[in-house]
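Close look at the chain arrangement
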There are 4 protein chains.
Amino acid sequence: MTKKRSEPVQRKPRIDAQRNRERILEVAKAEFTRLGAEASLDEIAKRAGVGAGTLYRHFPARDDLIEAVYRSEVEKLAAAERRFAETMSPMEALRAWMLLFVDHIAAKQIIAPALNSVVGGASKLFEGSRGLVLGAIDGLVKRAIKSGEMRNDLEPFDLLRALIGVSHVASGPDWQRSARRLVDILIAGSRTNK
Amino acid sequence: MTKKRSEPVQRKPRIDAQRNRERILEVAKAEFTRLGAEASLDEIAKRAGVGAGTLYRHFPARDDLIEAVYRSEVEKLAAAERRFAETMSPMEALRAWMLLFVDHIAAKQIIAPALNSVVGGASKLFEGSRGLVLGAIDGLVKRAIKSGEMRNDLEPFDLLRALIGVSHVASGPDWQRSARRLVDILIAGSRTNK
Amino acid sequence: MTKKRSEPVQRKPRIDAQRNRERILEVAKAEFTRLGAEASLDEIAKRAGVGAGTLYRHFPARDDLIEAVYRSEVEKLAAAERRFAETMSPMEALRAWMLLFVDHIAAKQIIAPALNSVVGGASKLFEGSRGLVLGAIDGLVKRAIKSGEMRNDLEPFDLLRALIGVSHVASGPDWQRSARRLVDILIAGSRTNK
Amino acid sequence: MTKKRSEPVQRKPRIDAQRNRERILEVAKAEFTRLGAEASLDEIAKRAGVGAGTLYRHFPARDDLIEAVYRSEVEKLAAAERRFAETMSPMEALRAWMLLFVDHIAAKQIIAPALNSVVGGASKLFEGSRGLVLGAIDGLVKRAIKSGEMRNDLEPFDLLRALIGVSHVASGPDWQRSARRLVDILIAGSRTNK
DNA sequence: CATGAATGAGCCTTCATTCAT
DNA sequence: GATGAATGAAGGCTCATTCAT
């Protein structure tokens, strides 16, 4: 606006905005991972190399930023579900997805709380993307039940809760292997008693 | 000078110190439950009806307060373990304790993180009481393995991690029943494949 | 929102940053003078008509503010030394500068302690500007010695120390004249015994 | 008062009170020396092994404590003056006393400010003991003037101010020798121009 | 007389959010 | 659209002083 107001120049168009948005998201993910959902927005803006105002233009409220970070992760999970369902046996696919979930989501301190409220159904935010995760686990579980390998009294939700719980524990030197063992216990506990 | 507006007059004897300490602990537990470990200490003091300085006299650092709250909970769990082990069958005792754990510890947002670091072994605080929880779960699991009902490849730690995870999820209208189902899945997954 | 109640409206341009900075410095100098280096930063901010945060943006640590105040004073002294050296005889210049030092620096309670640590060489802050004062007194003394009017066993440092001491005493109804007499004693004590 | 109110027991009489008072004074001097006049009274009480209330009983206000510390020092100086005056020549006595002053008073951060206000005549406290120092320096200077060795236009006050100033500078590795040189300059500047 | 618990004002500091440029 | 300065509300913590026992 401070430009000579006659030329319709348009030098720095959307590209810049888009680039900023992405940089912010990237940094935000890292910061939320490091410090949890309370990470300083000022710090995020600074690390992303933008002014505080710019961050606020893109994400008017803290939750908007959290959700954006969260959604990008969730989309990866949903995609994986489709991939696994096509290429693996039902129980294998379930197990693989559960492991991916833990691996991927764990240590990302916002994600677990965010998912938490998804499961709880409490929060307004995340409304949009909750379907993605729920759909994924639901599909996997239903397929496994249909195949007869899994108890039919199992609530997909419960499994999701358990996974979220396990993800919370992501810390300590050995947590990766521990998580793996836990997934296996969950799987074992979910099988039909042949 | 602006006193808590409900009590008549109240002396201020030495017993008050103890009473204050307890009131602070009580309020702190509630606040930590509501808001997590970041709850405002000033607010806690206010709700407990004491000056900020009084809180600091009793608990010079935030961690001291957290630990005190945490320890009082943990002691209840350890006591329960002894009770259960005496009066129930191994698997029953384990299940009962797990349920108690979830019921009791859940929704208390400091506890889970605190236990987390116990499991992770990372934190200096809680050093003192970590043995209590670890001992409890360890005893229960070992007894169940010895009885032949439980897989002998099970790491007590893993179960604790799973419980902590489940506890994290404490929210939503149905979480109590969900937690119960999860515990049963964990138990089922832990049994020997007869 | 509660604005300083005297100014009409005032834009809030970028120039304001500079203006704020200066206002803060001004107030800080006055407050440090009144109360010493422990003056309340909150109070300084309030008197300068800015929010606490603004003060902290400009001077992240108390020492940054102290140093800024200190440096602006010291620069005036260094400038005066150059002026005096050009226009006066050696002993006159020295005396004039000493009087200026006392007049100028005195009653400014941060300055004296700050200079103190300059002389002591102890403090990290002020590192930058210590050269200025040291250089000034050094130049004046060396010139006076060279002229033969001053004892050649005189440590410029000592004179500086004495001046700082005298500056400390700045209070009481008669201190200005007293300081003047002291400077003269110091000068007299520094002359060669013809 | 909470004792059985019939026996006139009197087990812990003045001795204790006196001992406490002295211990407090001792500790206070050390603390004031370490931290200046802002030292924590709580800390002083603690180090003296008494309750905060006890300190307040003996010294109702901070200034009362400061003055008490101050006075005990000042009395030593006054005593020294009498001693020196009897055993030394006028100028020697003056010089010795000045050195003692610097040695003794220096590094005791309350003393200098306290004396400061004595000289300034501003403060109500210290009223009582100001005469002691003033008397000492006055006596020494007058005697030296009378002997013809000292300029008769010298204000004893001025010398005191200078000494206080020099005392302020007490820090840095070399301050003792520097202070000594300064005293000599002052003496030199005070002599009659033979 | 001594004790030490309690109080609460006051200071420092951080940070989300707004807004003029 | 971007920038970054300004704001002000919290919150943490300390400490002088009072007061019940």
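No experiment lies behind these values; they were computed from the predicted model shown.

Secondary structure summary: chain A contains 9 helices and 0 strands in total. When the helices and strands of chain A are listed from N to C terminus, the series reads α-α-α-α-α-α-α-α-α. Per-residue burial for chain A yields a buried fraction of 46% across its 194 residues. A fraction of 70% describes how many contacts in chain A between residues 6 or more apart in sequence connect residues 24 or more apart. Just so you have it, chain A exposes about 10,300 Å², and 50% of that area is on carbon and sulfur atoms.

Here we come to the side chain of Asp-158 of chain A. Tracing the backbone through its elements, the reader meets Asp-158 of chain A in helix H8 (residues 156-168). The exposure class assigned to Asp-158 of chain A is buried, which follows from its relative accessible area of 2%. Not counting residues up to four positions away in its chain, the partners in contact with Asp-158 of chain A are Ser-178, Arg-181 and Leu-182 of chain B.

Assignment of secondary structure puts Asn-20 of chain D in helix H1 (residues 14-35). With residues up to four places along the chain from it excluded, the contact list for Asn-20 of chain D reads Val-50, Thr-54 and His-58 of chain D.

Turning next to the UniProt feature "DNA-binding region" (unreviewed entry) in chain A. Here the UniProt feature "DNA-binding region" (unreviewed entry) sits at residues 40-59 of chain A. Taken end to end, residues 40-59 of chain A is 75% helix and 0% strand, and its first and last C-alpha atoms sit 14 Å apart.

Further remarks concern the confidence of the model for chain A. Summary statistics for chain A give a mean pLDDT of 81 and a share of 77% for residues scoring 70 or more. Contacts from residues 1-8 of chain A, a stretch scored under 50 in pLDDT, to residues over four places away or in other chains number 0 contacts.

Okay, the environment of Ala-144 of chain D next. Secondary-structure assignment places Ala-144 of chain D in helix H7 (residues 127-146). Not counting residues up to four positions away in its chain, the partners in contact with Ala-144 of chain D are Pro-90, Met-91, Glu-149 and Met-150 of chain D.

Here we take up the pattern of salt bridges. The full count for this structure, using the stated rule, is 44 salt bridges over all chains. Between Glu-73 of chain B and Lys-76 of chain B there is a salt bridge; the shortest N-O distance is 3.3 Å. Note that Glu-73 of chain B and Lys-76 of chain B are positioned in helix H4 (residues 62-87) at a spacing of 3 residues, about one turn of the helix. Given a relative accessible area of 0%, Glu-73 of chain B falls into the buried group. Among the salt bridges present, the one from Arg-95 of chain C reaches Asp-184 of chain C, with a minimum N-O distance of 2.5 Å. Pair noted here: Arg-95 of chain C is in helix H5 (residues 90-105) and Asp-184 of chain C is in helix H9 (residues 175-190), with a separation of 89 residues, a long-range link. Judged by relative accessible area, which is 30%, Arg-95 of chain C ranks as partly exposed. Here the residues in one salt-bridge network are Glu-31, Arg-34, Glu-43 and Arg-47 of chain A, joined through shared partners.

Moving on to the packing of helix H5 (residues 90-105) of chain A against H8 of chain A. Residue and element names in this part refer to chain A. At a minimum axis separation of 9 Å, H5 and H8 run at an interaxial angle of 35 degrees. Here the hand of the crossing between H5 and H8 comes out right-handed. Here Leu-94, Trp-97, Met-98, Phe-101, Val-102 and Ile-105 of H5 come into contact with H8, specifically with Leu-159, Leu-160, Leu-163, Ile-164, Val-166 and Ser-167. Each residue belonging to the contact of H5 with H8 can be placed in one class, and the counts come to 11 nonpolar, 1 polar and no charged.

This paragraph deals with the packing of H8 of chain A against helix H9 (residues 175-190) of chain A. All names here are of chain A. Running from amino to carboxyl end, H8 crosses H9 at an angle of 165 degrees, the nearest separation of the two axes being 11 Å. Put simply, H8 runs roughly antiparallel to H9. In this structure, H8 crosses over H9, and the sense of that crossing is right-handed. Judged by residue contacts, Leu-159, Ala-162, Leu-163 and Val-166 of H8 engage Ala-179, Leu-182, Val-183, Leu-186 and Ser-190 from H9.

Time to look at the environment of Lys-76 of chain B. Residues and elements named next belong to chain B. Taking the relative accessible area as the measure of exposure, Lys-76 reaches 41% and is therefore partly exposed. A C-alpha to C-alpha distance of 9.8 Å links Lys-76 and Leu-132, two positions 56 residues apart in sequence. Residues contacting Lys-76, with those up to four places away along its chain left out, are Lys-29 and His-104.

Below, the discussion takes up the packing of aromatic side chains. Residue and element names in this part refer to chain B. Counted under the stated rule, the structure contains 4 aromatic pairs over all chains. Ring geometry for Trp-97 and Phe-101: centres 5.5 Å apart, planes at 50 degrees, overall tilted. Placement of the pair is Trp-97 and Phe-101 together in helix H5 (residues 90-105), with a separation of 4 residues, close to one helical turn.

Residues and elements named next belong to chain A. Structurally, Asp-42 can be placed in helix H2 (residues 41-48). The exposure class assigned to Asp-42 is exposed, which follows from its relative accessible area of 52%. Between the C-alpha atoms of Asp-42 and Gly-53, which are 11 residues apart in sequence, the distance is 9.5 Å.

Thresholds applied
- Residues numbered from 1 in each chain as written.
- Chains lettered and ligands numbered in written order.
- Predicted model: local features only at pLDDT ≥ 70, side-chain atom pairs only at ≥ 80, totals over all residues.
- Heavy atoms only, no water.
- Helix = DSSP H or I, 4+ residues; strand = E, 2+ residues; numbered from the N terminus.
- Buried < 20%, exposed > 50% of the residue type's maximum accessible area, 1.4 Å probe, protein only.
- Contact = heavy atoms within 4.5 Å.
- Areas by Shrake-Rupley, 256 points an atom, 1.4 Å probe, with all protein chains shown as cover.
- UniProt positions renumbered as here; feature names shortened; annotations may be inferred.
- pLDDT = per-residue confidence, 0-100.
- Salt bridge = Lys/Arg side-chain N within 4 Å of Asp/Glu carboxyl O.
- Axes fitted to C-alpha atoms, helices over the stretch in contact; angles between N-to-C directions.
- Left-handed = near helix turned anticlockwise from the far one by under 90°.
- Nonpolar A, V, L, I, M, F, W, Y, C, P; charged D, E, K, R; others polar.
- Parallel < 35°, antiparallel > 145°, perpendicular 65-115°, else oblique.
- Phe/Tyr/Trp six-rings, centres within 6.5 Å; stacked < 30°, edge-to-face > 60°.

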